[in-house]
Amino acid sequence: MAPSKKAGKKGAAATPKKGGAAGKVAKADWKEGFKKKQVGVSDMTLLTTITNESINENLEKRWKNGEIYTYIGAVLISVNPFRDLGIYTDEVLPRYKGKNRLEVPPHVFAIAESAYYNMNAYHENQCVIISGESGAGKTEAAKRIMQYIAAVSGGQDNSIQEIKDMVLATNPLLESFGCAKTLRNNNSSRHGKYLEIMFNDHGEPIGAQITNYLLEKGRVVGQVENERNFHIFYQFTKAASDAQREAFGLQTPEAYAYTSMSNCLDVPGIDDAQDFSETINAMQVIGLSDYEQNEIFRMLAVILWLGNVQYAEKDDGNAEIADTSVTDFVGYLLEVDPALVQKALTIRTMETQRGGRRGSVYDVPLNPAQATSGRDALAKAIYNNLFEWIVSRINASMKPRQTTSQLIGILDIFGFEIFEDNSFEQLCINYVNEKLQQIFIELTLKTEQEEYVREQIKWTPIKYFNNKIVCDLIEERRPPGIFAALNDACATAHADPTAADNSFIQRTASLASNPHFEARGAQFLVKHYAGDVMYNVAGMTDKNKDLLVKDLLDLIGTSGNQFLQGLFPDRPDPNSKKRPPTASDRIKVSAGALVENLMRAQPSYIRTIKPNQNRSSTEYDTKAVLHQVKYLGLQENIRVRRAGFAYRNTFEKMVERFYLLSPATSYAGEYIWQGDAKSGCERILTDTGIAREEWQMGVTKAFIKNPETLFALETMRDRYWHNMAGRIQRAWRNYMRYKHECARRIQRFWKNNKESIEYAKIRDYGHQILAGRKERRRFSLLGYRRFMGDYLDINGKSALGEELIEACDLGRDKVTFSSRGQLLVSKLGRSSKPSPRFLVLTEKALYIAVTNAKDGQTFTTLERKINLVTIKSISMSNLRDDWLVLNLGPTEEGDPIISCVFKTELVTHMLKLTQGSINVVIGPIIDYNKKKEKKAQIKFIKDETVPRNDTYKSHTVHVPSGEPPNSQSYPMPKRKEGVVRPITQGKLLRKGGPSDKKPTASRPKPASQPLPGKSAVTPAVKPPAATSSTTASAAPRAPPPPPRGPVAPPPPPPEPDVDLYKAKYAFEGQEGEMTLKKDDIVELVEKDDNGWWLVKKDGVEGWAPHNYLELVPPKPKAAAPPPPPPPPPAAKRPTPAPPAAAAAAPKTGLQSVSADPSAKPVAVFPGMAAANGSAAPWKKTASAASSSNDITPAHSRPGSAAAPKPPPLAAKPKPAPPPPVASKPTVGAKPPVPSAPRPGGAAPKPKVGGVQKPGPVGGQLDLAAALAKRAQQIAHDQ
Ligand SMILES: Nc1ncnc2c1ncn2[C@@H]1O[C@H](COP(=O)(O)OP(=O)(O)OP(=O)(O)O)[C@@H](O)[C@H]1O
Ligand SMILES: [Mg+2]
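As recorded in an unreviewed UniProt entry, the protein goes by the name Myosin-1, listed as coming from Lentinus brumalis. Turning to the protein, the UniProt record has this under Sequence similarities (unreviewed entry): "Belongs to the TRAFAC class myosin-kinesin ATPase superfamily. Myosin family." Here the protein is described in UniProt, under the heading Function (unreviewed entry), as follows: "Type-I myosin implicated in the organization of the actin cytoskeleton. Required for proper actin cytoskeleton polarization. At the cell cortex, assembles in patch-like structures together with proteins from the actin-polymerizing machinery and promotes actin assembly. Functions as actin nucleation-promoting factor (NPF) for the Arp2/3 complex."

**Topic: the UniProt feature "binding site: ATP" (unreviewed entry) in the protein**
According to UniProt, the feature "binding site: ATP" (unreviewed entry) maps to G132, E133, S134, G135, A136, G137, K138 and T139 in the numbering used here. Its place among the elements puts G132 in the loop between β3 (126–131) and α3 (138–152). When sequence neighbours within four positions are dropped, the list of residues in contact with G132 reads K138, G415, F416 and T608. Its place among the elements puts A136 in the loop between β3 and α3.

**A word on the environment of N212**
Relative to the helices and strands, N212 resides in strand β7 (residues 205–213). If near-sequence neighbours (up to four positions away) are discounted, N212 is found in contact with H191, G192, F387, E388 and V391. Within the local environment of N212, its side chain forms a polar contact with the side chain of H191, the two groups lying 3.0 Å apart.

**A few points about the side chain of N385**
Among the secondary structure elements, N385 is positioned in helix α12 (residues 368–397). Those residues in contact with N385 that sit more than four places away from it in its chain are L567 and F568.

**Looking at α3**
The end-to-end C-alpha distance of α3, which contains 15 residues, comes to 21 Å, matching closely the 21 Å that a straight helix rising 1.5 Å per residue would cover. When you tally the buried positions in α3, you get 11 out of 15 residues, the bulk of the element.

**Structural notes on the nonpolar core**
Judged by nonpolar contacts, the single largest core of 170 residues is most densely connected at F177, F233, Y383, I482 and F524. Element by element, the count of residues in this core is highest for α12, at 12 residues. With near-sequence residues (within four places) excluded, F177 lies in contact with L215, F230, I232, T279, M283, I296, L300, Y383, L386, F387 and I390. In this structure, L868, I874, V901 and L911 belong to the second largest nonpolar core, which totals 31 residues.

**Overview of the site of ligand 1**
Near ligand 1 lie 19 residues; those nearest to it are Y88, S134, G135, K138 and S188. Within the side chain of N185, an N or O atom sits 2.9 Å from an oxygen atom of ligand 1. Within the residue set of the shell around ligand 1, elements represented by two or more residues are α3 and β5 (188–189). Here the shell around ligand 1 takes three residues from α3, the largest share from any one element. A breakdown of the residues in the shell around ligand 1 according to their chemical character gives five nonpolar, 10 polar and four charged.

**Some remarks on the pairing of strand β37 (residues 1100–1105)**
Alignment of strand β36 (residues 1092–1097) against β37, held across six bridges, turns out to be antiparallel. Across the sheet, K1096 pairs through a bridge with E1101, a residue of β37. Taking the residues between adjacent antiparallel strands as the criterion, β36 and β37 are bridged by two residues, where D1098 takes a positive phi near 50 degrees.

**A word on the pattern of salt bridges**
A full pass over the atoms with the stated rule returns 40 salt bridges. Sharing partners across several salt bridges, the network here consists of R190, E216, R219, E227 and E417.

**As for the coordination of the magnesium ion (ligand 2)**
Donor atoms from the polypeptide that coordinate the magnesium ion (ligand 2) comprise T139 (OG1) and S189 (OG), at 1.9 to 2.1 Å from the metal. Of the two residues, T139 is situated in helix α3 and S189 in strand β5; the sequence distance between them amounts to 50 residues. The residues T139 and S189 share a single accessibility class, namely buried.

**What about the pairing of strand β21 (residues 701–704)?**
Side chains of β21 alternate between two faces, with K701 and F703 and A702 and I704 buried alike. As defined by bridge partners, strand β17 (residues 647–650) adjoins β21 across four bridges and the pair is classed as antiparallel. By the bridge assignment for β21, R648 is matched with F703. Relative to β21, strand β20 (residues 695–697) runs antiparallel, the two sharing three bridges. Within β21, the position partnered with M697 by the bridge is A702.

**Digging into the environment of K217**
Structurally, K217 is set in the loop between β7 and α5 (231–239). K217 sits 208 residues away from E425 along the chain, and the two C-alpha atoms are 9.1 Å apart. Discounting chain neighbours no more than four positions away, the residues touching K217 are K380, N384 and D546.

Reading guide: rules and limits
Residues numbered from 1 in each chain as written. Chains lettered and ligands numbered in written order. Predicted model: local features only at pLDDT ≥ 70, side-chain atom pairs only at ≥ 80, totals over all residues. Heavy atoms only, no water. UniProt positions renumbered as here; feature names shortened; annotations may be inferred. Helix = DSSP H or I, 4+ residues; strand = E, 2+ residues; numbered from the N terminus. Contact = heavy atoms within 4.5 Å. Polar contact = N/O pair within 3.5 Å; in protein donor to acceptor, adjacent residues only side chain to side chain. Expected span 1.5 Å × (residues − 1). Buried < 20%, exposed > 50% of the residue type's maximum accessible area, 1.4 Å probe, protein only. Core = buried A, V, L, I, M, F, W, Y, C linked by side-chain atoms within 4.5 Å. Near = heavy atom within 4 Å. Nonpolar A, V, L, I, M, F, W, Y, C, P; charged D, E, K, R; others polar. Pairing = 2+ DSSP bridges. Salt bridge = Lys/Arg side-chain N within 4 Å of Asp/Glu carboxyl O. Donors = N, O, S within 2.8 Å, 3.2 Å for Na, K, Ca; no water.

See below:
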């Protein structure tokens, strides 16, 4: 009696209005909340007083209110309504699907659901035992269960649908052949039936089998007044086809003795013709061939015609056939010689026996009574065997098509019967009912209580009547019970039925010691659990013997009809000493087998009650119901149920079902508990936080007090899967986010380095040009050093740039290199001196420009333009000085002698532009043309006393030692440890993403264990018993906690409080980014400290620049202070920790050249975005990137592609850091131009003229600024 059912989802199905348009969805009605109030209590364990009367009262109240179902725990009580309540419709049925019985009103569907669910969930066979007296509604209940199971068990497969159809078709077929109208029930089952539906492990029906019990074959040859023969005879005689009528000489039912003698041909409410077509249809569904159907009807015709064989009494008292045309026709139907039919029906062959040996054989004519009984015996035998053949034929059709995992059995057996004349049939029927009551007592009362004792559960025994004594009275061998006495009587007086009956009466005397038996002459009384029944002995032994006489069997043996032969497969061997089994033997064996079968399955009970004997839908016969309530033992049932435990199961089964609910027993769906099943079970129940008084541990089983507790466990189990699905989804999303972020970083890194690599390539070319011939400045070798060319940002149209373009008349020529430098200027009569100049290199020429002051104004003018083709060679010293000479050959002005910190770069660009056609001469002395043909030299001398750079005086340059000539650039400095920004903050991915540095040592996956009772998964797994529960519980493992919290099932993770942000500006997002309209509200998903935040709008996630967003202040709480206004974007950025080089930048100008943090090409490493919160570098527009494939690649620092107003995505270059390289010439006391702020800064003096004063020391941009400017320029150009 497992009441277990999972808690299903609450279906909000509105009660459909009757007569509503089909297919229309009924509108939900608020009145649903006011559901019809249940009358009485729906579970009688809740009755305040437990008496038979109070039970009856409750049932009556409910029945009168149209509520025919009531529970006692898991036992369903059903009171026959005798009217259609409309409670088995297709609308009602789904309401029970997936629901536990407490969620929905009591119903036979709930029992079916419970059995089906338990079978699937616990992998246990189930059976539904339906008991009650005749007409109480057993067959109806059985059919509803089949209806429900067929409806809910899945399987679109043809063969599964076929099985379902067949199972349902067995009902009309077996009802036609096995049910009849009786005084008690218009559709009384005259046989018992146990239907087992087999399922595969998906819970789909794959086969079925019917076991038939004791057909009441006596009904074939005679019925009590106003009862009928089996339905099929009326169906057949009323509705047979003309062909059948022709073939079998078929008449209407009144023409046949067997169908008309009881004077009941029609039954109100039964349409035989309609039923006949259903029967034929069922035969088709089951797969009976036309031949088989034809032969079945032939047998029916044989029986009907046999019944019409009349005997006349001859003068000698012997019988003779009154009308041989009938026997002739029977012979024709049986395909035997008609003469043999006559003989077999009138004469019995006797054989004398002498001393156990066979003697002579002679014919004994029968008197009419004997002949009639022989005729009836033949008819009964044919029908009985035909019925059994049909059942086995059905079984053959429903043979399981796959391996059977589990089954559900449905037992619908004839109800307890008390007639005026009770004979052997009633004894058998009532005996089987006694056996069923035994099972009920065994399982619900006796075993239950015994189990509590055995399992050492605290228990106060409850008294009940155990009907075992009645079972013993009927079936016991020693001392012999009623069946044994009958068998003995049959054995001793086998020839004469009356003598045998008398012998039996004598034997019953010995039974009188049983208090449930009373011998009363030719009758005897048995006090059954359901009432006292007086049985008539007459004919009992003969019925028990149940043997067709040899003559009749021989007659069948001569038949040419194979079908008939097949109905009598094994004829008893007349020589056998062994007594053939009697009817009581057979019923005893099959009842025993049935009990055994049922005991192996988990039973559900339906106890049907008949409210009156008149099939009235209004009459409630209190006395009759009280009687049933008493004998069904409902009162005891309630008492035991109240005191007991609603559910119990072995520790192994419990663990198997619920191990997922404890982190100690499961990990990632695997069973990991190393202790035994009991300790595991206890751990689960403890961990789930179920109240301690709700469960008890027995010796082999765990007991759960209330079904609600079990349902709660089931709900938790359901939630487990739900939560796991959520986890997997979260992990997947996390992984996808991680993957995208990685991709972005790779792209960003590549984009940035693509340019950086280009610059570095030029630098490396510079190394090649020097070819280890010249000492190097230390800062030239820095890893960050790149040859970026346009240091004056002429291409970027800086103010100075514009000025130089104009001065040099560059037009649209692209500048490859620009820098400040110094030119050695010879003054007449005085020694030459370096003087500041601007050096601008285009594809064609090197321009040397100079700024001069005149009349308080400054003018930049082109001093000299040197076409690259005119340069014959370039000379440089072998020391680390900055001097170079362009050897032009004899010229008016002489060879220019230039000092420039970027001289190597200048040379490199010139060589690149001339395809290396210029020779680079390096040596300790530089030869040059002074003017025209005049040659001169500059000497270079190492002088460590020179503080910085070098000094020129009188053709001699003094310079301290530099780095060795063969020096290479230092490697790119490693980024500081610990700056790596974790790729994900999520719980499921390790900080910084998966890494091979720290293998997954922190969370070892616990070894999975075989479930108790199952074989081990791997040989390596320790047997569960090997470790004690204490060690197991202390096992150092930390599996993820599936259900959180001790009591409630783990709730799905709560939705975190999300911060809402408003878009301050519109933003046009690209792939992976969030396009924003001004004032859009978005949810913050993740803050990335690179300045980009992951936000969610309308369920879609994307990245957006954080400085475009402003926090929507949370809704004001009662006394909460007003939220602080969102800080301005700039203020939001805490002084970012600049990457290593950035920190160093302001200290010295030189350092800032090579290691400026915002010099994008070098700053980008995975996880290291612009520290100032500038836009992610991959923000650069595609066209900007594509336009950067010239020799001086465009910078990747993006300009804001967004609306003009919003803050730039990229950080602006910092204003005027300390001047970089050579910002202040060290040679010469006074800079050539006065120190002034950069263009755009506050000018100390009013500007005169069109040309702005060039930037002095700060005029030359540092690397990063140059790049940033250029990027902005590109963006602006677009
Ligand atoms: N739930 C029900 N709703 C409506 N009518 C019912 C219901 N149950 C039974 N009946 C009516 O009662 C009649 C008898 O029911 P049923 O044949 O199931 O009895 P039974 O217990 O199988 O009796 P028997 O032991 O004689 O076979 C049915 O034919 C039907 O008319
Ligand atoms: Mg029935």
